[in-house]
Amino acid sequence: MDLMAINALIEQLRRETIGAPQWVPAKGVFEYREQSPIVVAVLKLVRAAHGVNAVEILCASGLFIDAGAIMRCIGDCCDEIHFLLEGHPAASEHVLRFVKAFFETTIDGGIDDCTPNVPVKKIRGAVVRVLKGRHDDETQKTMERIHKTFSGYIHANYAHVMEIYNGGKDDFNLAGVPSQSLRAERMQYVDVARTSVVLAAAFIAQMLTLHELHGKFVELLDEA
């Protein structure tokens, strides 16, 4: 799948669903006035797509720890999209709480007395129901294992840091692992991330009955 084509379609989806944010002179920032699950889902998609482009550059440069950290973020965003729009146009209490918390993180937002985060198990449960049509314990455990694996890059766990050590030169490859074969191997991250983001975009288009756009995202998946 071509990243430029994915970027263009996601921007088209963004423009057709939530449009452009408004300039707020008093703050010197752009903000969306509508605080809804759709706005959050589309912005989460934007973040995930941005991450795919970053992962490609990082893997090509041998910066595997940061690529893994962004993969965790991409996975989280895609899961949250399914959670936010699972029952669209209805929105559960947990979805409304998630939306409220999301919009508290403005440039002038405080860090005290914020809305509590929605438990991750609630988000994962929604993803499993979307994928399987029901709760499936094995699928949920698989998701948890993937999440835990990539979380090691976020938290700089021992095994994840040691991945970049070169014993032959006693060098931690701080500027990037030079091995072209290892870089090519990690480029598989990009394929996984592309697929995850396009699936999430197709889900948004489907739930919002944007049939033409949904078809275009499906075509991208067929080309993979």
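Scroll up a little and you will see the structure.
Residues numbered from 1 in each chain as written. Predicted model: local features only at pLDDT ≥ 70, side-chain atom pairs only at ≥ 80, totals over all residues. Heavy atoms only, no water.

## Description of the pattern of salt bridges
In the structure shown here, the tally under the stated rule is 11 salt bridges. Residue glutamate 80 pairs with lysine 44 through a salt bridge whose shortest N-O separation is 2.9 Å. Placement of the pair is glutamate 80 in helix α3 (residues 64–85) and lysine 44 in helix α2 (residues 37–60), with a sequence separation of 36 residues. When sorted by exposure, glutamate 80 lands in the same class as lysine 44, which is buried. (Salt bridge = Lys/Arg side-chain N within 4 Å of Asp/Glu carboxyl O. Helix = DSSP H or I, 4+ residues; strand = E, 2+ residues; numbered from the N terminus. Buried < 20%, exposed > 50% of the residue type's maximum accessible area, 1.4 Å probe, protein only.)

## Some remarks on the packing of aromatic side chains
All chains considered together, the criterion is met by six aromatic pairs. Geometrically, the ring pair formed by phenylalanine 83 and phenylalanine 98 is edge-to-face, given 5.6 Å between the ring centres and 65 degrees between the ring planes. Of this pair, phenylalanine 83 sits in helix α3 while phenylalanine 98 sits in helix α4 (residues 93–102), placing them 15 residues apart in sequence. When sorted by exposure, phenylalanine 83 lands in the same class as phenylalanine 98, which is buried. Ring centres of phenylalanine 150 and tyrosine 153 lie 6.2 Å apart, and the angle between their planes is 35 degrees; this geometry places the pair in the tilted category. Separated by three residues within a single helix, phenylalanine 150 and tyrosine 153 lie in helix α6 (residues 137–154), roughly one turn from each other. For tyrosine 153, a relative accessible area of 6% corresponds to the buried category. Through pairs of rings, three or more aromatic residues link up here, namely Phe150, Tyr153 and Tyr189. (Phe/Tyr/Trp six-rings, centres within 6.5 Å; stacked < 30°, edge-to-face > 60°.)

## Considering helix α9 (residues 188–207)
In this model α9 runs 29 Å from its N-terminal to its C-terminal C-alpha over 20 residues, within 8% of the 28 Å that 1.5 Å per residue would give. Along α9, the residues classified as buried are Tyr189, Val190, Ala193, Arg194, Val197, Val198, Ala200, Ala201, Ala202, Phe203, Ile204 and Ala205. Downstream of α9 by one or two residues, threonine 209 has phi in the positive range, about 55 degrees. (Expected span 1.5 Å × (residues − 1).)

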